[in-house]
Amino acid sequence: MIYRPASLADIAALETIERAQPRCAGWKAAGWQSELKLPASCVLCAEMAHQVVGFIALRFTSGVGEIVNVGVAPTHTRQGIGRTLLQQVLSWVRTRGGGRLSLEVGANNFPAIRLYEQAGFVRVGLRKEFYPGPEDAFVMEIKV
Ligand SMILES: CC(C)(COP(=O)(O)OP(=O)(O)OC[C@H]1O[C@@H](n2cnc3c(N)ncnc32)[C@H](O)[C@@H]1OP(=O)(O)O)[C@@H](O)C(=O)NCCC(=O)NCCS
């Protein structure tokens, strides 16, 4: 498995993962294009046998960041890819002096909540009916 920064050439693969994982942010090609061009954006992907099988997107500037999108292809979940992507993005922040990161996660999205809690994120808030459904969101934070 290779973990590397995503590029514009990866957009089709990133979209494929998002279509298969409705819990992702659901960016279309244009959304990925603008994300990948943002100076504050860090998008890492996991590549196996020339296939992108996971990604994580962070926006980070001036010591404050937000994880805005995470997904692993359904064929490759429970193999430690999400955990490694998260650890890599935390390392990326540490090499830039560290800071405080937050995210929103569906209150019923137990796999993602466990993933974040294992990495050290803690729940700091609840946003009522934040997602369609409606579903509440937990706000989670970590200091790195
Ligand atoms: C959440 C997601 C990124 C996890 O990716 P993954 O590569 O399967 O996760 P990992 O294999 O690295 O698992 C790391 C930890 O996450 C938790 N976890 C992951 N999948 C889980 C599941 N189905 N049930 C319970 N816990 C789970 C576990 O704590 C796991 O550690 P363990 O295997 O030692 O028990 C993946 O399930 C996904 O893409 N989900 C849909 C998109 C999404 O929800 N994104 C987050 C939006 S906020």
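Keep in mind it's a predicted model, so treat the numbers as computed, not measured.

Thresholds, definitions, all that
Residues numbered from 1 in each chain as written. Predicted model: local features only at pLDDT ≥ 70, side-chain atom pairs only at ≥ 80, totals over all residues. Heavy atoms only, no water. Axes fitted to C-alpha atoms, helices over the stretch in contact; angles between N-to-C directions. Helix = DSSP H or I, 4+ residues; strand = E, 2+ residues; numbered from the N terminus. Parallel < 35°, antiparallel > 145°, perpendicular 65-115°, else oblique. Left-handed = near helix turned anticlockwise from the far one by under 90°. Contact = heavy atoms within 4.5 Å. Nonpolar A, V, L, I, M, F, W, Y, C, P; charged D, E, K, R; others polar. Expected span 1.5 Å × (residues − 1). Buried < 20%, exposed > 50% of the residue type's maximum accessible area, 1.4 Å probe, protein only. Near = heavy atom within 4 Å. Polar contact = N/O pair within 3.5 Å; in protein donor to acceptor, adjacent residues only side chain to side chain. Areas by Shrake-Rupley, 256 points an atom, 1.4 Å probe, with all protein chains shown as cover. Pairing = 2+ DSSP bridges.

We now examine the packing of helix 1 (residues 11-20) against helix 2 (residues 29-37). Orientation of helix 1 relative to helix 2, taken along the N-to-C sense of each, is 120°, at an axis distance of 10 Å. Comparing their axes, helix 2 and helix 1 come out oblique. Taken as a pair, helix 1 and helix 2 cross one another with a handedness that is right-handed. Counting all contacts with helix 1, which are made through Ile 11, Leu 14, Glu 15 and Glu 18, the residues of helix 2 involved are Ala 29, Trp 32, Gln 33 and Leu 36. Among the residues forming the contact of helix 1 with helix 2, the class breakdown is 5 nonpolar, 1 polar and 2 charged.

The next point concerns helix 3 (residues 81-94). With 14 residues, helix 3 should reach 20 Å at 1.5 Å per residue; the first-to-last C-alpha distance of 20 Å fits that figure. Of the residues making up helix 3, those classed as buried are Ile 81, Gly 82, Leu 85, Leu 86, Val 89, Leu 90 and Val 93.

Quick look at the site of the ligand now. Close to the ligand lie 22 residues, the nearest being Arg 78, Gly 80, Gly 82, Arg 83 and Asn 109. With respect to the ligand, the backbone of Gly 80 contributes an N or O atom lying 2.8 Å from an oxygen atom. Burial of the ligand by the surrounding chains reaches 81%, relative to a free accessible area of 910 Å². If you tally residues by element for the shell around the ligand, the top one is helix 4 (residues 110-119), at 6 residues.

On to the sheet that holds strand 2 (residues 41-48). Read from one edge to the other, the open sheet built from 7 strands follows the order 1-2-3-4-5-7-6, with strand pairing classed as mixed. The sheet terminates laterally at strand 1 (2-5) and strand 6 (122-131), the two strands that pair on one side only. For this sheet, the mean angle separating the axes of adjacent strands, direction not counted, is 25°. Pairing of strand 3 (residues 51-61) with strand 4 (residues 64-72) involves 8 bridges; the strand directions are antiparallel. Looking across to strand 4, one finds that Phe 55 is bridged to Gly 71. Seen against the sheet, helix 2 touches strand 2, strand 3 and strand 4 and runs at an angle of roughly 115° to strand 2.

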